[in-house]
Amino acid sequence: MTARIGVVTFPGSLDDRDTQRAIRLAGAEPVALWHKDKDLHQVDAVVLCGGFSYGDYLRAGAIARFSPVMEPLIEQAKAGLPVLGICNGFQILTEAHLLPGGMLGNDHLHFICRDQKLRVENADTAWTTDYTAGQEINIPLKNMDGRYVADEYTLDKLEGEGRVAFRYVDFNPNGSLRDIAGISNEAGNVVGLMPHPEHAVEPLIGTGRTDGLPFFTSILKKLVNA
């Protein structure tokens, strides 16, 4: 049976089609989910894609967190459903308290769009097993509110439990504390990151590399072998 991975579209989402294509290239079936859906249509995993949900009013991800689709998503994520939040999706996951900390405006107060080098810190999550710890990858980055922040206790806990999934290398593009580019929850089924792996799955687009494809092959292998 083909694994089914849902991709949620909110008003203002930009990268849902790109994410669906990445899922398809990995060998899974993308399933379009709408923000008003009250169930997840029996998908095996969910991706919250990038964009500017609800125009980033109030705070990035703050309104999307209360969309109807988030109620079953939060419940099932806590029960083990794999969830990946990319950029705005990462912001939504922090607003929903599925991941700790929060996202603030970039420290230079400008939108940034660039190819970004990352180091894989945790290759044991549901979304990162096709990487190796310490591997450096190049992934497109585009955000206005990408500065990850948390109190020192939370940062130390993330570090101590190995829950920093990705770290910026060579250049911190937005002022994220401790160069954090992505984190996971304790169980490793929920991962959020600011860069966009869905834009690095084919040689002809994004960075010209396929460094983002292992996100989607990792979850496919987990679901097939579950």
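Cut-offs applied
Residues numbered from 1 in each chain as written. Predicted model: local features only at pLDDT ≥ 70, side-chain atom pairs only at ≥ 80, totals over all residues. Heavy atoms only, no water. Patch = residues over 30% accessible without salt bridge, like charges linked within 9 Å, V, L, I, M, F, W, Y side chains within 5 Å. Areas by Shrake-Rupley, 256 points an atom, 1.4 Å probe, with all protein chains shown as cover. Salt bridge = Lys/Arg side-chain N within 4 Å of Asp/Glu carboxyl O. Helix = DSSP H or I, 4+ residues; strand = E, 2+ residues; numbered from the N terminus. Buried < 20%, exposed > 50% of the residue type's maximum accessible area, 1.4 Å probe, protein only. Phe/Tyr/Trp six-rings, centres within 6.5 Å; stacked < 30°, edge-to-face > 60°. Pairing = 2+ DSSP bridges. Axes fitted to C-alpha atoms, helices over the stretch in contact; angles between N-to-C directions. Contact = heavy atoms within 4.5 Å. Right-handed = clockwise from strand over helix to strand, strands pointing away.

## Some details on a nonpolar patch on the surface
Part 1: A cluster of nonpolar side chains, Leu-14, Phe-52, Phe-111 and Met-144, forms an exposed patch at the surface whose accessible area comes to about 350 Å².
Part 2: Within the element layout of this structure, Phe-111 appears in the loop between strand S5 (102–104) and strand S6 (112–120).
Part 3: A relative accessible area of 43% places Phe-111 in the partly exposed class.

## Structural notes on the packing of aromatic side chains
Part 1: Applying the stated criterion across every chain yields a total of four aromatic pairs.
Part 2: Taking the centre distance of 6.0 Å and the plane angle of 15° together, the rings of Phe-90 and Tyr-148 count as stacked. Of this pair, Phe-90 sits in helix H3 (residues 88–95) while Tyr-148 sits in strand S8 (residues 147–149), and the two are 58 residues apart along the sequence.
Part 3: The class for Phe-90 is buried, based on a relative accessible area of 0%.
Part 4: Judged by its relative accessible area of 1%, Tyr-148 is buried.
Part 5: Ring plane angle 75° and centroid distance 5.5 Å describe the contact between Tyr-131 and Phe-215, whose orientation is recorded as edge-to-face. Linking Tyr-131 in the loop between S6 and strand S7 (136–143) with Phe-215 in helix H5 (residues 213–225), this pair joins segments that are 84 residues apart in sequence.
Part 6: Three or more aromatic residues joined by ring pairs form one cluster here, namely Tyr-131, Phe-166 and Phe-215.

## Some words on the sheet that holds strand S4 (residues 83–86)
Part 1: Reading across the sheet, the nine strands line up as S2-S1-S3-S4-S11-S10-S9-S6-S7 and stay open at both edges, with mixed pairing between neighbours. In this open sheet, the two strands that pair with only one neighbour each are strand S2 (29–34) and S7. Averaged over all neighbouring strand pairs, the angle between strand axes comes to 25°, with direction disregarded.
Part 2: Strand direction decides the pairing type here: strand S1 (residues 4–9) and S2, joined by six bridges, are parallel. Bridge assignment links Val-8 to a residue of S2, and that residue is Leu-33.
Part 3: Along the sheet face, helix H1 (residues 16–26) touches S1, S2 and strand S3 (45–48) and points at about 170° away from the line of S1.

## So, the pattern of salt bridges
Should their charged atoms come close, side chains of opposite charge can pair.
Part 1: The tally for this structure, following the rule as stated, stands at 16 salt bridges.
Part 2: Residue Arg-178 is joined to Glu-152 by a salt bridge in which the shortest nitrogen-to-oxygen separation is 2.7 Å. With Arg-178 in the loop between strand S9 (164–168) and strand S10 (180–184) and Glu-152 in helix H4 (residues 152–160), this residue pair connects regions lying 26 residues apart in the sequence.
Part 3: By relative accessible area, which is 29% here, Arg-178 ends up partly exposed.

## Side note on unusual backbone geometry
Part 1: Of note, the phi angle at Asp-170 is positive, near 75°, even though the residue is not glycine.
Part 2: Following the sequence through the fold, Asp-170 ends up in the loop between S9 and S10.
Part 3: The class of Asp-170 is exposed, set by a relative accessible area of 70%.
Part 4: The backbone of Asp-179 sits at a positive phi, close to 60°, despite the residue not being glycine.
Part 5: Within the secondary structure, Asp-179 sits in the loop between S9 and S10.

## So, the pairing of S3
Part 1: Of the two faces of S3, both are covered, the one formed by Ala-45 and Val-47 as well as the one formed by Val-46 and Leu-48.
Part 2: When S1 meets S3, the two strands line up parallel, connected through four bridges. Within S3, the position partnered with Val-8 by the bridge is Leu-48.
Part 3: Across three bridges, S3 lies against S4 in parallel orientation. Note on S4: the bridge partner recorded for Val-47 is Leu-84.
Part 4: On the question of chirality, the crossover connecting S3 to the parallel S4 by way of helix H2 (residues 70–78) is right-handed.

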